[in-house]
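# Secondary and tertiary structure notes
Below, each chain spelled out in residue letters.
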Amino acid sequence: MHITDFSIRRPVTTMMVFVSLIVVGLIATRMVPLEFMPNITFPGAFVELPYPDSTPAEVNENVARPVEEVLATLSGVEQINSNSGENSAGVIVLFKQGTDIDIKAIEIKEKIESIRNQLPDDFEYFRINKFQDGGAPTLQLRISGNRDLSDAYELLNRNLQQRIERIAGVGQVDLYGVEKKEIRIEVDPNRITAYNINLNELSTKLREANFSISAGKITDAGMRYMVRPVAGLNGIGDIGNLIISDNNLRLKDIANVTYTSPERDYARHLDQKYAVGLDITKESTANTVEVVENILAEIEEINKLPEMQGIQIYEMFNQSDGILSSLRELFNAGMIGALFSIVMLYIFLRQFGTTMLVATAVPFSLIVTLGFFFFLDISLNILSMMGLMLAIGMLVDNAVVVTENIHRYQRKGNDPKKASILGAKEVSIAVTAGTLTSIIVFLPNVVNESFISQHMYYIGMAIIISLLASLVISLTVIPLLASKIKPPEESSKRTVIDKLSDRYSAFLRWFLERRKTSVLFILILFISGAIPLSFMNVDMFQRVEERRLNLQYNLNASYTLETVKQSVDRIEQYLYENEETFEVESVYTYYTPDYAQSTINLVDDDRAEKSVTLLKEEIEKDLPQIAIGQPAFEYISQNSSEQVRVFVQGEAMQVLEELADEVAWRLGQIEGFADVRSEAESGNKEVRLTVDHDRARSLGLTSSDVATMVSGAMRGQTIQRIRGVEGEIDVVLAFRDVNRQTIDDLRNLPVSFGDNQTVKLASVASFDQQTAAGRIFRENRRTSLGIAINLDDITTDEAREEISRVMDDISYPTGYSWSYGRSFGNDLDAMNTMLFNIGIAFFLIYLIMASLFESLLYPTSVLSCIFFGVIGIFWFFFITGTTFDLMAFIGILILMGIVVNNGIVLVDHINHLRSEGLSRREAVIRGGRDRMRPILMTAGTTVLGLIPLCIGNTQIGGAGPPYFPMARAIVGGLTFSTIITLVVLPSIYVILDDVRIWGTRILRASAKV
């Protein structure tokens, strides 16, 4: 029994199923989590390797390179990059697409642990961060106040961090900008010398002084007791009274023991005040909007606490805002588009009841889709919302075709029930095939393992589920309700649509009779696509200009934090003196001794009077000059965080720095390249200490012993951790600050040897002042240096050509070369992936239509609509000046399914009329006339539904790439292909049918021979 027969014969059952789906969907929609981005993992990881108070060269040689070498032995590695600077190194490992990064993270940990013996003894820990979209902080807060917050760790930890951590759905809270206090043991070098204390032995004694072990069990009076020897240090008093030598010398006699904040080599400002950062990441299954609302409600309560008075908490980034703004903008665009669609339906149907009947497909399909989201564990995020938004225009297509065909049978005099059955059954195969073609274009993206395809999965699933729901309702509920609704009465008055149908059928007859004219017209249309294509701007990942500017200070050396602060204060003062002119909302600055940047948050679009580009020029015009650097702007973009970069590669950093300066100068002369700069960093001044091996050996010391003493004294070392009221407390052994400020202090550093004897460091080592290497970059285990480029009114493809021309003209020393950055590779990979997916989708569409028509030629006529649709996109983009990007590719994918629907409906009806005995010419003309109305209706509803997005600036997540390239691709291609479907497709059908007849004759003739 056909599904339509069942729905009409069992109306109560049908309606109960329909109602139950709605109820389940409504219940599930309350349980579908809202989040900014789904938890999409990228086959890559970042390994953070902290090594405090070290030079870039030391970090690179002793930490980064050994880790690089061992990670290179992992299977599936495509690229390994490292970045070594003062205090830390970072290693990025990229694997082949489809690699399970969770498993690889475990393997990375095992590999690094296996070479622990090759890493420095004081290398403490490393962190592995997996690349994933859903792992970004949900809420980023900045905290400033009228008072100094630099030592407010306990206050903020107790009143802010711990309270937020207890909120349901909060996964992780990171507080930075204030440090947990530590116990510092600052020894006096003069007393070390006086008492002949060996610093290495002192460190060992302090490590062994705090222990707690199990020594078994004893029995006493029938009871069993655990024996646990304890030598606990419970605070600075116990540590200071610790006896460290045979003459009852206590630690406090040679050192100051204090409980204080650790030294900090960075700072943050918010609105010219010292600021603290707080990053909050939700649990993976939690609802983003709900979690953020709970956090903000808790912060309101925290602000009421007496000890938090005078402290301001500023929202730096809020994922909830992006979700809600996207929902609001998409809802508004969807409502306006839906209104346009309903008006379009009413113009064609001329009956309010029938219009509302068709329109029911939209809310039903969306509710069912949200219900399936819950059961398939798909969240409502900016990708799945995009899929729902795109599906809205297509959800009425099946209902339109079915309803129009039912009315056609009703106008023939059939009773409503019979007309509903016959009308729905006649087009059931066509609408099913059309829906399958719309669905199947996403199949390569759903099953493909590429990074883009992971994102397309969430878009595709929303469209697939909603279209299947619309298909079910169009073949069940729509015929059932149509059989109960009074059909529209025949009117003797000719409508505009009726007159258009008459003129269209007359034109089609004239066009079919002139074969040469039609063939020439088809060829001209096809070739015309080359004109807009030659002027097309292609940029897969367009940079999106936000209301935020990033000012890089580009420090030329490493300075004291106070020196950097003076320059930061000067720049900030300039910005706030012109706050209204520059439309400044707030200024957030982060700086270290060798790095500084100010993030200038501008007022939002509603209050803005100037463009970001104009503001950038105004700020640069009188920007104060600073002696320690050269401030320059960069755009911040959430969807394109990586600038365009080109790399010079070799071995010696000094040679690479010279090459990078030359490349930066040459590229800076090219129009369209803005803020071109070398990423070379000027190294710090360093004192190189060379141990006299013979002198050290005569004292019974090795070079390693001397280096360990110097390192422990100057850098300090964490010797152990003790339990305190606030948790574990680090105990750090170092020399007093006042005694390690000059080179003379270093020369006079006491070095212990033998039995309680000491000498000065200068007697066993020589000193030499040199410039150390700056930050060291390595790409695929080869030293590299980048040149960063901001593009101004130039596409990535054009930039690539200019860069290639300049870089090939440079003469490189032997062993040195250049390469493109990943920004170019991403564009190429994305384009190849999308082209591959489009090709596979094209093939799958052909398979479905070949099965539907039981022919190899008829599907070709329908596929021609896709080619002409793409030509329509080229012309529409050319006329509107739209850049072709990744969103436009997504538009082509969706367009393929839509335009094929119209072709399938037309060709299937022509074949049906021919099977009833009509001649080919009459079947084509009548079929075109009968299907003109539903084709125009479906195309019109989709186009009008996307008009708000075509002319608006709605962006993904409120700050991502805009929707309009995708919307314009669908609108331009669908409008053009609709005309082609009605005019050119019948001619192509006739031509291919003649080819089929000619081929059949040839085969028959050859068979007779």
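Reading the values: the criteria
Residues numbered from 1 in each chain as written. Predicted model: local features only at pLDDT ≥ 70, side-chain atom pairs only at ≥ 80, totals over all residues. Heavy atoms only, no water. Helix = DSSP H or I, 4+ residues; strand = E, 2+ residues; numbered from the N terminus. Buried < 20%, exposed > 50% of the residue type's maximum accessible area, 1.4 Å probe, protein only. Contact = heavy atoms within 4.5 Å. Areas by Shrake-Rupley, 256 points an atom, 1.4 Å probe, with all protein chains shown as cover. Patch = residues over 30% accessible without salt bridge, like charges linked within 9 Å, V, L, I, M, F, W, Y side chains within 5 Å. Salt bridge = Lys/Arg side-chain N within 4 Å of Asp/Glu carboxyl O. Expected span 1.5 Å × (residues − 1). Axes fitted to C-alpha atoms, helices over the stretch in contact; angles between N-to-C directions. Parallel < 35°, antiparallel > 145°, perpendicular 65-115°, else oblique. Left-handed = near helix turned anticlockwise from the far one by under 90°. Nonpolar A, V, L, I, M, F, W, Y, C, P; charged D, E, K, R; others polar. Phe/Tyr/Trp six-rings, centres within 6.5 Å; stacked < 30°, edge-to-face > 60°. Bend = angle between axes of the 7 residues up to and from the residue. pLDDT = per-residue confidence, 0-100. Pairing = 2+ DSSP bridges. Polar contact = N/O pair within 3.5 Å; in protein donor to acceptor, adjacent residues only side chain to side chain.

Each helix and strand in the protein chain was counted, giving 33 helices and 30 strands. A total of 1009 residues make up the protein chain; the buried ones form 53% of that total. Long-range contacts, defined as pairs at least 24 residues apart, comprise 79% of the intrachain contacts of the protein chain with a sequence gap of at least 6. By element, 54% of the accessible surface of the protein chain is carried by carbon and sulfur atoms, the whole surface being about 45,700 Å².

A contiguous nonpolar patch, built from Val12, Met16, Val19, Val23, Val24, Ile27, Met31, Phe374 and Phe375 and spanning about 830 Å² of accessible area, is present on the exposed surface. The set of elements that each furnish at least two residues to the nonpolar patch consists of α2 (11–29) and α12 (361–375). Note on placement: Ile27 falls in helix α2. A relative accessible area of 49% places Ile27 in the partly exposed class.

Every α-helix carries 3.6 residues per turn, so stepping three or four residues along brings you back to the same face. With 23 residues, helix α30 (residues 858–880) extends 34 Å from end C-alpha to end C-alpha; this agrees with the ideal 33 Å at 1.5 Å per step. Just beyond α30, the residue with positive phi is Gly881, at close to 70°.

Interaxial distance between α2 and α12 falls to 7 Å at its minimum, and their mutual angle equals 55°. By the angle class used here, α2 and α12 are oblique. The crossing of α2 and α12 is left-handed. Residues Phe18, Leu21, Ile22, Val24, Gly25, Leu26, Ala28 and Thr29 of α2 touch α12, and the partners they reach there are Phe364, Ile367, Val368, Leu370, Gly371, Phe374 and Phe375. Its residues assigned to classes, the contact of α2 with α12 comprises twelve nonpolar, three polar and no charged.

With that settled, consider the packing of aromatic side chains. A full pass over the atoms with the stated rule returns 13 aromatic pairs. Considering the side-chain rings of Phe526 and Phe868, the 6.3 Å spacing of their centres and the 80° angle between planes classify their relative orientation as edge-to-face. Note that Phe526 is positioned in helix α20 (residues 515–528) and Phe868 in helix α30, a separation of 342 residues in sequence. Three or more aromatic residues joined by ring pairs make a cluster, and in this case those are Phe507, Trp510, Phe511 and Phe521.

This brings us to helix α15 (residues 416–440). Compared with the 36 Å implied by 1.5 Å per residue over 25 residues, the 34 Å span of α15 between its first and last C-alpha is a close match. In α15, a bend of some 45° at Ser428 exceeds every other bend along the element.

Their axes nearest at 8 Å, the elements α15 and helix α18 (residues 477–484) cross at an angle of 155°. With respect to α18, the element α15 is oriented roughly antiparallel. Along this stretch, α15 crosses α18, giving a crossing that reads as right-handed. Packed against α15, whose contacting residues are Pro416, Lys417, Ser420 and Ala424, the element α18 presents Pro479, Ala482 and Ser483 at the interface. Residues belonging to the contact of α15 with α18 are distributed by class as follows: four nonpolar, two polar and one charged.

Here the protein chain averages 78 in pLDDT, and 85% of its residues register 70 or above. For the stretch residues 635–642, pLDDT sits under 50, and the model shows 28 contacts to residues farther than four places along the chain or on other chains.

One non-glycine residue, Asp271, lies in the positive phi region at around 55°. Looking at where Asp271 falls in the secondary structure, it is placed in the loop between β13 (267–270) and β14 (273–282). By relative accessible area, which is 31% here, Asp271 ends up partly exposed. For Asn554, which is not glycine, the phi torsion reads 50° and is therefore positive. Relative to the elements of secondary structure, Asn554 occurs in the loop between β16 (548–552) and α22 (561–577). The partly exposed category is assigned to Asn554, whose relative accessible area is 24%.

We now examine the pattern of salt bridges. Under the definition given, this model contains 18 salt bridges. Residues Arg127 and Glu48 are paired through a salt bridge, measuring 2.8 Å at the closest nitrogen-oxygen approach. Of the two residues, Arg127 sits in strand β4 (residues 127–132) while Glu48 sits in strand β1 (residues 41–50), which places them 79 residues apart along the sequence. Judged by relative accessible area, which is 37%, Arg127 ranks as partly exposed. Relative accessible area serves as the criterion here: at 24%, Glu48 is assigned to the partly exposed category. Of the charged contacts, one joins Glu618 and Lys610 as a salt bridge, the two residues approaching to 3.0 Å between their closest N and O atoms. For Glu618, a relative accessible area of 23% gives the class partly exposed. A residue is classified by how much of its surface remains accessible, and Lys610, at 23% relative accessible area, is partly exposed. Counted as one network, the salt bridges with shared partners bring together Arg914, Arg920 and Asp993.

With that out of the way, let us pick up the environment of Ser379. Note on placement: Ser379 falls in the loop between α12 and α13 (382–392). Taking the C-alpha atoms as reference, Ser379 lies 6.9 Å from Pro38; in sequence the two are 341 residues apart.

With that settled, consider the side chain of Ser82. By the element assignment, Ser82 lies in strand β2 (residues 77–85). Under the relative-accessibility criterion, Ser82 is labelled buried at 4%. In contact with Ser82, not counting residues within four places along its chain, are Glu68, Gly90, Val91, Ile776, Phe777 and Arg778.

This part covers the environment of Leu857. Structurally, the position occupied by Leu857 is in the loop between α29 (822–853) and α30. Accessibility expressed as a relative area gives 25% for Leu857, which makes it partly exposed. Along the sequence, Leu857 and Arg996 sit 139 residues apart, while their C-alpha atoms lie 7.2 Å from each other. Setting aside anything within four residues of it in sequence, one finds Leu857 in contact with Leu992, Val995 and Arg996.

For the rest of this paragraph, the subject is the pairing of strand β28 (residues 776–779). Burial along β28 is two-sided: Ile776 and Arg778 and Phe777 and Glu779, pointing in opposite directions, are all buried. As paired elements, β2 and β28 share four bridges and run antiparallel to each other. In the sheet register, Asn83 faces β28, and the bridge partner there is Phe777. Between β28 and strand β29 (residues 783–791), which pair antiparallel one after the other, the connecting turn spans three residues, and Asn780 there sits at a positive phi close to 50°.

Attention now moves to the side chain of Gln649. Looking at the secondary structure, you find Gln649 in strand β20 (residues 644–650). Using a relative accessible area of 9% as the deciding quantity, one classes Gln649 as buried. Looking at Gln649, its side chain comes within polar contact range of the side chain of Ser784, at 3.3 Å.

Structurally, the position occupied by Leu175 is in strand β6 (residues 170–176). Sequence-distant contacts of Leu175, that is, excluding residues within four places in its chain, are made with Tyr153, Leu156, Asn157, Gln161, Val276, Gly277 and Leu278.

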